[in-house]
Amino acid sequence: MLTTATRFLPTLLVAFVALATTPAHAKDYFLTIGGGYNPTGNQISLEKNVLYFQRLLHDFGRDGDPHAIFFADGRHKGRDLQYEDPTFTGPRVLELLAVITNDTKGLRHQYRSHEVPHVKGPSDVRELDKWFDTVGPTLTPDDRVFIYATAHGGRGDNKTKHNTKLYLWNNQSIYVRDFVARLDKLPGDTPVVLVMVQCFAGGFANIIFEQGDPEKDLSPSRRCGFYATVHTRPAAGCTPDINEANYREYSTYFWEAIYGKTRLGDPVTRPDYDGDGRVSLAEAHGYTIIHSDTIDIPVKTSDELLRKFSKTEDKKIDGLLTPESKYDDLLATAGPIDTAVLNQLCERLKIEGDNRAKAARDRTKEDEDQRKKLAGEKSKLGKEYDAIRKRIYAALRSRWPEIGNRWHPRVEEAIQNEGDQIVKLIEGHREFNKLKELAQKQHDLETQRLDHERDWVKCQRVLRVLENVALAANLSKVAPDRQADYAALLERESAVLGPVAAE
C-alpha cells in the first residue's frame with residue numbers, strides 16, 4: 001500500500017522542479033529607443049536623456065536587469081549627434097553674412113559621434129523587430145517590460161489623428177498601430193509600461209485598445225503608459241544646448257520624481273502624494289504636471305480609458321459631475337494625486353472659487369488674447385526688420401554681386417581676402433543698429449509670448465485634470481461594467497520603479 005507521502009511524491013517533485021526553474025523575483029526588461037531621424041535631428045539632449053536614465057538605473061542597482069538601448073546610428077562612429085557650444089564663435093564676417101542673407105539656422109551647430117554606452121544597435125525598425133521577436137518568447141507574467149522613448153514624433157493623418165508616429169534613425173518612422181502590432185508579440189499577461197516624450201506622444205496612449213485604435217475595445221494585455229503631451233501638440237525638449245540645467249522636457253521631471261535627484265544631482269522632495277512611503281509612476285506623472293514649466297499637456301493611459309467609456313453629460317443619468325461642478329465636490333471624489341495637482345496648479349495660477357473650470361477658461365482667454373497681441377506686434381516688427389535686412393543685402397551685392405549665390409567660387413575668395421571690408425560695410429550701414437534693435441525687440445516679444453503660452457498650458461492641465469476627476473466619478477453610473485478595467489489600469493499605473501532593495 002502507498003503511504004500518504006508516497007502518493008504525493010510526484011506532486012512534490014513537480015512543485016520542486018517548478019520552483020527551481022522559476023525566477024526568484026520578477027525581472028524588469030528595459031527597452032530604450034532614442035535619438036533623432038538623422039544627424040541634424042539628433043540633438044544632444046536626447047543623448048543626455050538616455051545617460052540620465054542609465055544613471056538612475058545604476059544607482060537603483062538595476063545594472064543586472066536586461067536593458068536594450070537602440071540609439072541613433074547605433075555603434076557606428078559617424079558624426080550623428082548635434083550640439084551647440086555657447087563658447088564657440090565663428091569668424092565675424094560669416095556671422096554677419098548669415099544674418100543679412102537670412103540663413104542663420106544651424107550656424108552654431110556642431111557634430112560628433114554620440115557617447116551613449118552599451119548601445120545594442122541603431123533605432124531602426126529591423127533592430128526593434130529583432131528585440132521583440134527574441135525577448136517576447138522568454139517573458140513570463142512575473143516579468144515586466146519598461147519602454148522609454150526619447151526621440152522625435154509626428155502627427156497622425158486627418159482620418160486617424162490619434163495614430164501618431166515615432167521617428168527612428170535614417171528617416172524611418174513607426175505609427176501607433178504598427179507599434180501595437182509589435183507589442184502584441186509580447187505575452188499579454190506580461191505587464192508593459194511606456195514612457196514616451198516625443199512630439200504628439202499622446203497618440204501612443206491608445207496602446208490600451210485593440211490594434212491601438214480608440215474606436216475598438218480594450219486590449220486584454222496588461223499595458224499602461226505616460227506621455228509628454230496630447231496627440232495634437234508638439235512637445236518641449238529636443239535641444240542642441242549642452243547645458244543640462246536648461247533642460248525642461250517631460251522625462252527630466254518624471255525621472256527626478258522617481259530618482260529623488262535632478263539631472264545635476266541636486267535633491268528633490270519625492271512626491272509621495274498618497275503617503276504610502278513610495279513614489280509610483282502615476283505620482284511621478286502628477287509631479288511632472290505640477291512642476292514642468294513647458295508647453296506640454298501630459299497624458300496617461302487611464303485618461304484615454306475615461307474619455308472612451310465615461311461622460312460628463314447624459315440627459316438620462318442624474319447627478320453627473322462636470323468640470324464646472326463645485327470644486328469641493330470634485331475634490332471629494334478625487335484621489336491624492338489629482339488633488340495635489342489641482343491644488344498646487346490652482347495656487348500657482350491664482351485660480352480660485354467654486355467653479356475652477358470657468359476660472360481656468362477665463363485665464364486661458366486672457367493668455368490667448370495676450371499671445372495674439374504679442375504675435376501681431378512681433379510680426380509687424382519682423383516686416384520692418386526684413387525690409388532693412390534686404391536693403392543692407394542689396395548694398396552688399398552691389399559691391400560683391402557673387403554673394404547672391406553662396407556657392408559661387410568668388411564668394412569664398414571675397415570672404416578670405418576682403419572679410420574686413422564686408423564686415424565694415426555691414427556694420428557701417430546707417431540702418432545696422434536699427435536692425436539689431438529690432439532683432440532684440442522681436443526676441444523680447446517672443447519671450448513674453450512663450451510665457452503666456454506656458455500659463456495657457458497650465459490652465460489646460462487644470463481643465464484636463466478636472467475633467468479626469470469628473471469622468472472617473474461618473475464611470476460607475478455611465479459604464480459600471482468598466483469599473484474593473486479602470487481599477488486594473490490604475491493599479492498598473494501605480495507600479496514602482498525603485499531600487500532593488502526597496503522591492
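Rules of the game
Residues numbered from 1 in each chain as written. Predicted model: local features only at pLDDT ≥ 70, side-chain atom pairs only at ≥ 80, totals over all residues. Heavy atoms only, no water. Helix = DSSP H or I, 4+ residues; strand = E, 2+ residues; numbered from the N terminus. Polar contact = N/O pair within 3.5 Å; in protein donor to acceptor, adjacent residues only side chain to side chain. Contact = heavy atoms within 4.5 Å. Pairing = 2+ DSSP bridges. Phe/Tyr/Trp six-rings, centres within 6.5 Å; stacked < 30°, edge-to-face > 60°. Buried < 20%, exposed > 50% of the residue type's maximum accessible area, 1.4 Å probe, protein only. Lys NZ or Arg CZ within 6 Å of the ring centre and 35° of its normal.

Asks: Just to check I follow, could you spell out the side chain of Asn 206 for this structure?
Replies: Mapped onto the secondary structure, Asn 206 falls in the loop between strand 9 (192-196) and strand 10 (223-227). Polar contacts involving the side chain of Asn 206 include one to the main-chain carbonyl oxygen of Gly 203, which spans 2.9 Å. Apart from the residues within four sequence positions on either side, Asn 206 is in contact with His 162, Gly 212, Asp 213, Pro 214 and Glu 304.

Asks: Quick question: what am I supposed to make of the environment of Gln 198 here?
Replies: With respect to the helices and strands, Gln 198 occurs in the loop between strand 9 and strand 10. As for Gln 198 and Gly 153, which are separated by 45 residues in sequence, their C-alpha atoms are 5.0 Å apart. Once you skip the residues sitting within four places of it in the chain, Gln 198 turns out to touch Ala 149, Ala 151, His 152, Gly 153, Leu 166, Phe 204 and Ala 235.

Asks: Help me out: how do you make sense of the sheet that holds strand 7 (residues 165-168) in this one?
Replies: Paired through backbone hydrogen bonds, the strands of a sheet run either parallel or antiparallel to each other. Read from one edge of the open sheet, 3 strands run 6-7-8, paired in antiparallel fashion. Since the sheet does not close on itself, it has two edges, and those belong to strand 6 (153-154) and strand 8 (172-175), each with one partner. By the bridge criterion, 4 bridges tie strand 7 to strand 8 in an arrangement that is antiparallel. Within the sheet, the bridge partner assigned to Leu 166 lies in strand 8 and is Ile 174.

Asks: What is the right way to look at the packing of aromatic side chains in this model?
Replies: For any pair of aromatic rings, the description consists of the separation of the ring centres together with the inter-plane angle of the planes. All told, the structure shown has 16 aromatic pairs when counted by the stated rule. Ring geometry for Tyr 52 against Tyr 259: centres 6.1 Å apart, planes inclined by 55 degrees, an arrangement best described as tilted. With Tyr 52 in helix 3 (residues 44-59) and Tyr 259 in helix 7 (residues 250-259), this residue pair connects regions lying 207 residues apart in the sequence. Note on Tyr 259: relative accessible area 9%, which makes it buried. Ring plane angle 45 degrees and centroid distance 5.7 Å describe the contact between Phe 226 and Phe 254, whose orientation is recorded as tilted. Separated by 28 residues along the polypeptide, Phe 226 in strand 10 and Phe 254 in helix 7 bring together distant segments of the chain. Phe 226 gets classed as buried once you look at its relative accessible area, which sits at 0%. On the basis of relative accessible area, Phe 254 is assigned to the buried category, the value being 0%. Joined through ring pairs, the aromatic side chains of Phe 30, Phe 53, Phe 146, Tyr 148, Phe 226, Tyr 250, Phe 254 and Trp 255 make up one cluster. One Lys or Arg, Arg 371, reaches over the ring of Trp 456 and ends 5.0 Å from the middle of that ring. Just above the ring of Tyr 393 sits the side chain of Arg 397; from NZ or CZ to the centre is 4.4 Å.

Asks: Got a minute to help me understand the environment of Val 469 in this structure?
Replies: Positionally, Val 469 belongs in helix 14 (residues 432-478). The exposure class of Val 469 is buried, given its relative accessible area of 3%. Sequence separation between Val 469 and Asp 303 is 166 residues; the distance between their C-alpha atoms is 9.7 Å. Every residue in contact with Val 469, bar those within four places of it in the chain, is listed here: Leu 330, Thr 333, Ala 334, Asp 338 and Leu 342.

Shape descriptors only; they carry no functional weight alone.
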